[in-house]
Amino acid sequence: MLAVDWLNRNGDSTTNQLLQEGLGGDYCGMGILIASRAALPNGLWDQARRLVRLERVTHQLEGLLINHTIFGQVATWEQFNQNYSVDRLVHHTVWQTVKKLLGTDITTPESLKLVDVLSKELGDRRITPDTANQLGQLITPEKLREWKVSHRLEQDDISSMLVDKTIYFESEDNRQYTPACQLLVRSHANSLEEKRLAAFAPCRNLLHSAYTGNALQFFLSCREQRNTVSTEKLIEWALDSNTDTQRQAVLNHLVSGEHKAAFALYLEEAFIGTWMENYPGIRETLEINAQQMQAERASKGEIDWNQVTNHVGSEVNRTGNESEPSSVTESRTENSDELLHDLFNWWQANHQSKTQQYNECLYPFKVEEMQQKLRNRDRSAWLMLLFLGMTHRMGRTRHEQHRNFIRFCLDRDWWQQFSSPNPRSSPDQWMRVLNEYMEEQIEYTGWYYWIEKFPSIYRIASYLNAYTDSFLSIEKSQDDFDLNLITSPRSNPAFQGGGADAPPLPLGIGANFIIRELVRLEVVQPISNAYVHLHCFVPRANVRRLLTHLGCQDLNKPDHRSSGKIYQFLKTEFMRSGLLDEPTFNNCFDIPFELYAENSSKVDLRNIQVRDDVDWYESISDEEHSQYEVSREDEGFATLSNGQVIPSSWMS
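Residues numbered from 1 in each chain as written. Predicted model: local features only at pLDDT ≥ 70, side-chain atom pairs only at ≥ 80, totals over all residues. Heavy atoms only, no water.

## Some points on the overall build of the protein chain
Point 1. Per the secondary structure count, the protein chain includes 33 helices and 11 strands.
Point 2. Out of the 652 residues in the protein chain, the part that is buried amounts to 49%.
Point 3. Within the protein chain, counting contacts between residues at least 6 apart in sequence, those at least 24 apart form 67% of the total.
Point 4. In the structure as shown, the protein chain presents an accessible area of about 31900 Å², 46% of it carried by carbon and sulfur atoms. (Helix = DSSP H or I, 4+ residues; strand = E, 2+ residues; numbered from the N terminus. Buried < 20%, exposed > 50% of the residue type's maximum accessible area, 1.4 Å probe, protein only. Contact = heavy atoms within 4.5 Å. Areas by Shrake-Rupley, 256 points an atom, 1.4 Å probe, with all protein chains shown as cover.)

The following block contains the structure:
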């Protein structure tokens, strides 16, 4: 105890050296005692408090786990007790004292954090009510918010594990396991809209009633944000409602639902000949909604006031015979169809030249060469593709900038180093790249924003074969797949019997970009095109603006799941408008929308507000988002209204 007290006083180096030589050093005195006997206090609490033998220590507790209360709860978890023995654990501060006493030559035990233990506890990610109840005693939405302030990096890792990777819970449909984001909670106290939807949702989309209390809190921690239910899906649920309770819930949603206008518009075309036709209140509510929509459009000058009519009464008479559609439907169809037809015809006439221009902006060499290299699993080309996917999280940058950074690296032979196999065997060469970059900087810090991605490039290079295998596996998909599992091979059940093994690669909408390019360049030829096409639309900001203008809903944020919404929306609109069955645009998917939105004078998207494709927007609220405006530019840098200074190239 005296030695520890002296060491903790931050004495001078001479004092510490004398203590090490007298009591520690090369396993003499105190050193040989704690190495040969169970004499080292592990610094833990309660039943886990032990004297341990130094050479048996395998892990040191860090981060949230060194909190007494948190450790006490974790110590009751089954997988913790099966995988970690308390006589092999020490508190982080204990190990720091041991290092001071014995010197730095001893082998450092592996770090153990809450996220590591939680990963073991999640197992196959199929969470029973009992397991959820135990985990929910510690992991709750409120706790995650607290940790975001006190332990931000560790909280990010925990949230990524819970939200970005798919966690499955039992549904009311014979307790089948379903991804958390697809389940609704009947008793969600904080979401009236979710209660409305759950009241007529099918059992397969309802969380099992056994998840209550702590179990429900853990579920909500995993389902940070539920999937938006498409209007088409709501119509399907409504038509399938077979109990009076469910049917009353459909009427309630039609009256008070957040998206009641779109719901009503689609329902008008589907309710004839169903239970809804004669259900009290349905027709009357449709009429009221239609008149409200028309009045809003008339007040904006989009239609004349004399076009405001008894909408449902004029479209479908009381005997159920169909007549001409009303003006509000005609106006919506004409506006949407005209723009969609114009875009479609423009692309059909110009897609070859526009695609060539796009390819030149995207890749540092001819696209045919890129195509062949990807087919041959060339490391340089695959690293390039995955890197370009990663840049979709950078925001406010252009394709040409990423292409030019790759050229910058190619010209200095850095890309060849990045592409070489076994990066861990040549750390000096990787550090040489950073040293050469810094030596070149005098006044202008060009490419600094891209060089910041150096750790991400290293991660991709270290597991390049695994990531390549994972993305190529979509070719064999005969059903819809979870894109999170493609970017997280290590947690993908398809590879657990052997195959791709790599940590998660945070790509965001860049994952859509990679899949789109693999399909567009015919590197993969999927067995089932439709399931792959669901993921091929890259929801960049301008693409989302244009599609929102066309009527596609819930595209505010850059979310890889928006690709499926876009695909289903366009497929419906194509069929309704008499265009092609598959809205693939010559397998270019979102590219026509991106180019049309940037260059067309026929559509004004400036008033359509969506989140930019930028990482640092993702952690702020909608209210804060509006405050991030440029207030001043000065020699290549911009000062935001919140005082943050960033390179002005980010705002390009």
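## Considering the packing of aromatic side chains
Point 1. As enumerated under the stated definition, the model contains 30 aromatic pairs in all.
Point 2. Geometrically, the ring pair formed by F169 and F219 is edge-to-face, given 5.0 Å between the ring centres and 85 degrees between the ring planes. In this pair, F169 is assigned in strand β7 (residues 168–170) and F219 in helix α12 (residues 214–222), connecting sequence segments 50 residues apart. Residues F169 and F219 agree in their burial class; the two are buried.
Point 3. Arranged with centres 5.9 Å apart and planes meeting at 50 degrees, the rings of W346 and W347 form a pair that is tilted. (Phe/Tyr/Trp six-rings, centres within 6.5 Å; stacked < 30°, edge-to-face > 60°.)

## Points about the pattern of salt bridges
Point 1. Counted under the stated rule, the structure contains 21 salt bridges.
Point 2. R56 is the salt-bridge partner of D87, the closest N and O atoms lying 3.5 Å from each other. Of this pair, D87 sits in the loop between α5 (78–83) and β4 (89–91) while R56 sits in the loop between β2 (51–52) and β3 (59–61), and the two are 31 residues apart along the sequence.
Point 3. The residue E582 makes a salt bridge to K571 at a minimum N-O spacing of 3.4 Å. Of this pair, E582 sits in the loop between α31 (562–577) and α32 (591–599) while K571 sits in helix α31; the two residues are 11 residues apart in sequence, bridging distant segments of the chain.
Point 4. Within the structure, one salt-bridge network assembled from shared partners comprises R516, E517, R520 and D590. (Salt bridge = Lys/Arg side-chain N within 4 Å of Asp/Glu carboxyl O.)

## Regarding the side chain of S563
Point 1. Tracing the sequence through the fold places S563 in helix α31.
Point 2. Note on S563: relative accessible area 0%, which makes it buried.
Point 3. Within the local environment of S563, its side chain forms a polar contact with the backbone nitrogen of C536, the two atoms lying 3.3 Å apart.
Point 4. For S563, the residues in contact, after removing those within four places along its chain, are N512, H533, L534, H535, C536 and F537. (Polar contact = N/O pair within 3.5 Å; in protein donor to acceptor, adjacent residues only side chain to side chain.)

## Some points on the confidence of the model for the protein chain
Point 1. The predicted model of the protein chain averages 81 in pLDDT, with 79% of residues at 70 or higher.
Point 2. Within the model, the stretch residues 615–636 combines pLDDT values under 50 with 44 contacts to residues more than four positions away or in other chains. (pLDDT = per-residue confidence, 0-100.)

## Remarks on the nonpolar core
Point 1. Among the nonpolar cores identified, the biggest contains 87 residues, and F418 and L547 are the most heavily contacted of them.
Point 2. Tallying contributions element by element places helix α20 (residues 379–390) first for this core, with nine residues.
Point 3. Among residues more than four places away in sequence, those in contact with F418 are L383, C409, W430, V433, F454, I457 and A461. (Core = buried A, V, L, I, M, F, W, Y, C linked by side-chain atoms within 4.5 Å.)

## Side note on helix α25 (residues 454–462)
Point 1. What α25 keeps buried is the set F454, I457, I460 and A461. An end-on view of α25 places all buried positions within 120 degrees of arc, on one side of the element. (Arc of directions from axis to C-beta.)

## Description of the sheet that holds β3
Point 1. The strand order across the open sheet built from three strands is β4-β3-β5, with neighbouring strands paired in parallel fashion. For this open sheet the edge positions go to β4 and β5 (110–112), each flanked by a neighbour on one side alone. Each neighbouring strand pair of the sheet contributes to a mean axis angle of 35 degrees, computed without reference to strand direction.
Point 2. As paired strands, β3 and β5 are joined by three bridges and run parallel to one another. Bridge pairing links Q60 to S111 in β5.
Point 3. With respect to the sheet, helix α6 (residues 92–102) is in contact with β3 and β4, its orientation differing from that of β4 by roughly 85 degrees. (Pairing = 2+ DSSP bridges. Axes fitted to C-alpha atoms, helices over the stretch in contact; angles between N-to-C directions.)

## Quick notes on the packing of α20 against α25
Point 1. α25 packs onto α20 with a crossing angle of 135 degrees between their chain directions and a minimal axis gap of 10 Å. Relative to α25, the element α20 is oriented oblique. α25 is crossed by α20, and the crossing has right-handed handedness. Along its contact with α20, which presents R379, L383, L386, F387 and M390, the element α25 presents S456, I457, I460 and A461. (Parallel < 35°, antiparallel > 145°, perpendicular 65-115°, else oblique. Left-handed = near helix turned anticlockwise from the far one by under 90°.)

## Re the environment of L135
Point 1. Considering the arrangement of structural elements, one finds L135 in helix α8 (residues 129–135).
Point 2. By relative accessible area, which is 0% here, L135 ends up buried.
Point 3. A sequence separation of 17 residues divides L135 from L118, and the C-alpha atoms of the two residues are 8.6 Å apart.
Point 4. Discounting residues that sit within four places of it in the chain, L135 has contacts with W77, L118, E121, L122 and F218.

## Looking at helix α14 (residues 244–256)
Point 1. For α14, spanning 13 residues, the distance from its first C-alpha to its last is 18 Å, which sits close to the expected 18 Å at 1.5 Å a residue.
Point 2. Taken as a whole, α14 has its buried residues at Q246, A249, V250, L251, H253 and L254. (Expected span 1.5 Å × (residues − 1).)

## Things to note about the side chain of Q417
Point 1. In this fold, Q417 is placed in helix α22 (residues 414–419).
Point 2. Apart from residues lying up to four places away in sequence, Q417 is in contact with S426, Q429, W430, R432 and V433.

## Notes on unusual backbone geometry
Point 1. Despite not being glycine, N174 shows a phi value in the positive range, around 55 degrees.
Point 2. Its place among the elements puts N174 in the loop between β7 and β8 (177–179).
Point 3. Phi at E522 takes a positive value of approximately 60 degrees, unusual for a residue other than glycine.
Point 4. Assignment of secondary structure puts E522 in the loop between α28 (510–520) and α29 (529–533).
Point 5. Look at E522 and you get partly exposed, because its relative accessible area is 42%.

## What about the sheet that holds strand β6 (residues 126–127)?
Point 1. Within the open sheet, the three strands sit side by side as β6-β7-β8. Their pairing is mixed. What marks the edges here is a single partner per strand, and that holds for β6 and β8.
Point 2. Across two bridges, the pairing between β6 and β7 is parallel. Residue pairing for β7: I127 is matched across the bridge by F169.

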